[in-house]
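This is what each chain is made of:
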Amino acid sequence: MNMRSTRSMVTFSNPFTLQGYPGDLPAGDYEVLVEEELLQGLSFEAYRRTATYMTVRGKGAHAGRSELRLTTESDIKEALRRDADTSETNNHSETALSPQEDRK
């Protein structure tokens, strides 16, 4: 069976949660690893996703360690959507709270 792996980066602007894991993860850049297998018997090359992992760095007593957390593409997309919504809400809040310009 032929396999391939693809790595990419995602960036979270705010702390976030990942479905199936307790606690918040800090904002920052995270590596995503996608594993796929070659589909046999086709007249063209095609791959099927077999696993998606996100690399999470340890904190506290586990600082310096990292782990690959099994997740799904849809869970990552949902976390990124929530992150964008949070950022948008924060931007609107900051605008509403900013002082008005002095009128001349």
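**Observations regarding the overall build of the protein**
Each helix and strand in the protein was counted, giving one helix and four strands. Each helix and strand of the protein, ordered N terminal to C terminal, gives the series β-β-β-β-α. Taking all 104 residues of the protein together, 26% fall into the buried category. When contacts within the protein are restricted to residue pairs at least 6 apart in sequence, those whose partners lie at least 24 apart make up 42%.

**Here's the deal with the pattern of salt bridges**
Counted by the stated rule, this structure contains nine salt bridges. Linking Arg49 and Glu73 is a salt bridge whose minimum nitrogen-to-oxygen distance equals 3.5 Å. Here the residue Arg49 occupies a position in strand E3 (residues 47–57), and Glu73 occupies one in helix H1 (residues 73–97), the gap between them amounting to 24 residues. Glu73 gets classed as partly exposed once you look at its relative accessible area, which sits at 37%. Among the salt bridges present, the one from Glu78 reaches Arg82, with a minimum N-O distance of 3.8 Å. With a gap of four residues between them, Glu78 and Arg82 both fall in helix H1, about one helical turn apart. The class of Glu78 is partly exposed, set by a relative accessible area of 31%.

**Some thoughts on the sheet that holds strand E4 (residues 66–71)**
Pairing is antiparallel across the open sheet formed by four strands, whose spatial order is E1-E2-E3-E4. In this open sheet, the two edge strands, each paired with only one partner strand, are strand E1 (3–12) and E4. Taking the axes of each pair of neighbouring strands and ignoring which way they run, one obtains an average angle of 30 degrees across the sheet. For E1 and strand E2 (residues 28–38), the ladder comprises ten bridges, and the chain directions are antiparallel. Bridged to Phe12 within E2 is Gly28.

Basis of the calculations
Residues numbered from 1 in each chain as written. Predicted model: local features only at pLDDT ≥ 70, side-chain atom pairs only at ≥ 80, totals over all residues. Heavy atoms only, no water. Helix = DSSP H or I, 4+ residues; strand = E, 2+ residues; numbered from the N terminus. Buried < 20%, exposed > 50% of the residue type's maximum accessible area, 1.4 Å probe, protein only. Contact = heavy atoms within 4.5 Å. Salt bridge = Lys/Arg side-chain N within 4 Å of Asp/Glu carboxyl O. Pairing = 2+ DSSP bridges. Axes fitted to C-alpha atoms, helices over the stretch in contact; angles between N-to-C directions.

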